[in-house]
Amino acid sequence: MRVRTLHEWHLSYAEARAVQSRLAGEVRFERLRKEPEIIAGLDCAFGDGGKRVFAAVVVLRRVAASTPKALGMASFELVETASAAMDVTFPYIPGLLSFREAPVCLAAVAKLESEPDVFLVDGQGIAHPRRLGLASHLGLFLDKPTIGCAKSRLIGTFDEPGAEKGAHSPLYDGDEVVGAVVRTRADVKPLFVSVGHRCRLEDAIRVTLACTTRYRLPEPSRLAHQAVSQLKR
DNA sequence: GCGACAG
DNA sequence: ATCTTGTCGC
């Protein structure tokens, strides 16, 4: 898949923050054209004592449930998988995750032959101090719809959503709704979902839940996590 | 100065 | 994120 290059990655922390503020204005909030059929999950992992970064992208196709027990539940078939590895060149700094993980993620996505309708990213979308978390940043480079599905909170306040699967509550940064706290599995810690690029919060929440089966993470994300985990070994 | 802080 | 297997519980 084609990937754009909007700027250099080797920047000072101040320059990195300036780039985020500038690019945040490029994020587009638009209704998803059609229900996503080809969905990708992206995740990173570290190895060699934290000197190497790995990324894996798993592409799935949503298919109609067939078996009786699967009725009404999401079913997927594997389309393809791609991965990449690089030397770590940036430390982990809350708010600057993109400069540490985006390069490898883009390298992995560039190897895809398919063109996913949407990407589920392990990190925040606009639920970020400068409104440009990893999912949003990647969305701009990919020029594709992206959704941020983070396992924990970076910024924002919220009321605990109901304990049932599907329950969700808004994530606020002051008066602004920057995302949603979504219960993807009953009685389990919720996910922090936010718009990455080219979609709306309602789309992000719906797609995330539509891709979730019996686990906390949506299938594309869960499989990408498994794929990248075995890479570092 | 203190506390918070995606992966 | 990472160091790490089995184990308790639904």
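Chain A appears in an unreviewed UniProt entry as Endonuclease V from Anaerobaca lacustris. What UniProt states about chain A under its Cofactor (unreviewed entry) heading is, verbatim, "Mg(2+)". The annotation that UniProt attaches to chain A under Subcellular location (unreviewed entry) is "Cytoplasm".

Tallying secondary structure elements over chain A gives five helices and eight strands in all. When the helices and strands of chain A are placed in sequence order, the string is α-β-β-β-α-β-α-β-β-β-β-α-α. Computed over the C-alpha atoms, the radius of gyration of chain A is 17 Å, within 12% of the 17 Å expected from 2.2 N^0.38 for a compact globule of 233 residues. Dimensions along the principal axes, computed over C-alpha positions, put chain A at roughly 55 × 40 × 35 Å. Across the 233 residues of chain A, 45% fall into the buried class. For chain A, long-range pairs separated by at least 24 residues make up 63% of all intrachain contacts whose partners lie at least 6 apart in sequence.

Here we take up the protein's contact with DNA strand C. A45, F46, K151 and K232 make up every residue found near DNA strand C. Classifying every residue of the surface near DNA strand C gives two nonpolar, no polar and two charged.

Moving on, we come to the protein's contact with DNA strand B. Inspection of the region around DNA strand B gives 18 residues, with Y92, L97, G123, G133 and K151 positioned closest. Broken down by class, the residue content of the surface near DNA strand B amounts to eight nonpolar, seven polar and three charged.

Time to look at the packing of helix α2 (residues 98-110) against helix α3 (residues 134-142). Two numbers describe how α2 lies on α3: the axes approach to 10 Å, and their chain directions differ by 40 degrees. One finds that α2 runs oblique with respect to α3. The two elements α2 and α3 cross, and the hand of that crossing is right-handed. For the pair formed by α2 and α3, the contact residues are S98, E101, A102, C105, L106 and V109 on the first element and L134, H137, L138, F141 and L142 on the second. Broken down by class, the residue content of the contact of α2 with α3 amounts to eight nonpolar, two polar and one charged.

Reading across from one edge, β3-β2-β1-β4-β5-β8-β7-β6 is the order of the eight strands in this open sheet, with mixed pairing throughout. Either end of the sheet is taken by a strand with one partner, and the two such strands are β3 (75-87) and β6 (168-173). Direction aside, the axes of adjacent strands within the sheet are offset by 25 degrees on average. For strand β1 (residues 38-47) and strand β2 (residues 52-63), the ladder comprises 10 bridges, and the chain directions are antiparallel. Across the sheet, F46 pairs through a bridge with V53, a residue of β2.

In terms of burial, strand β8 (residues 191-197) is largely enclosed, as seven of its seven residues are buried. Here strand β7 (residues 176-182) runs beside β8; their pairing, made up of three bridges, is antiparallel. Its bridge partner lying in β8, V182 is registered against L191.

Scoring rules and cut-offs
Residues numbered from 1 in each chain as written. Chains lettered and ligands numbered in written order. Predicted model: local features only at pLDDT ≥ 70, side-chain atom pairs only at ≥ 80, totals over all residues. UniProt positions renumbered as here; feature names shortened; annotations may be inferred. Helix = DSSP H or I, 4+ residues; strand = E, 2+ residues; numbered from the N terminus. Rg over C-alpha atoms; globule rule 2.2 N^0.38 Å. Buried ≥ 20, exposed ≤ 12 C-beta atoms within 10 Å, placed from the backbone. Contact = placed C-beta atoms within 7 Å. Near = placed C-beta within 6 Å. Nonpolar A, V, L, I, M, F, W, Y, C, P; charged D, E, K, R; others polar. Axes fitted to C-alpha atoms, helices over the stretch in contact; angles between N-to-C directions. Parallel < 35°, antiparallel > 145°, perpendicular 65-115°, else oblique. Left-handed = near helix turned anticlockwise from the far one by under 90°. Pairing = 2+ DSSP bridges.

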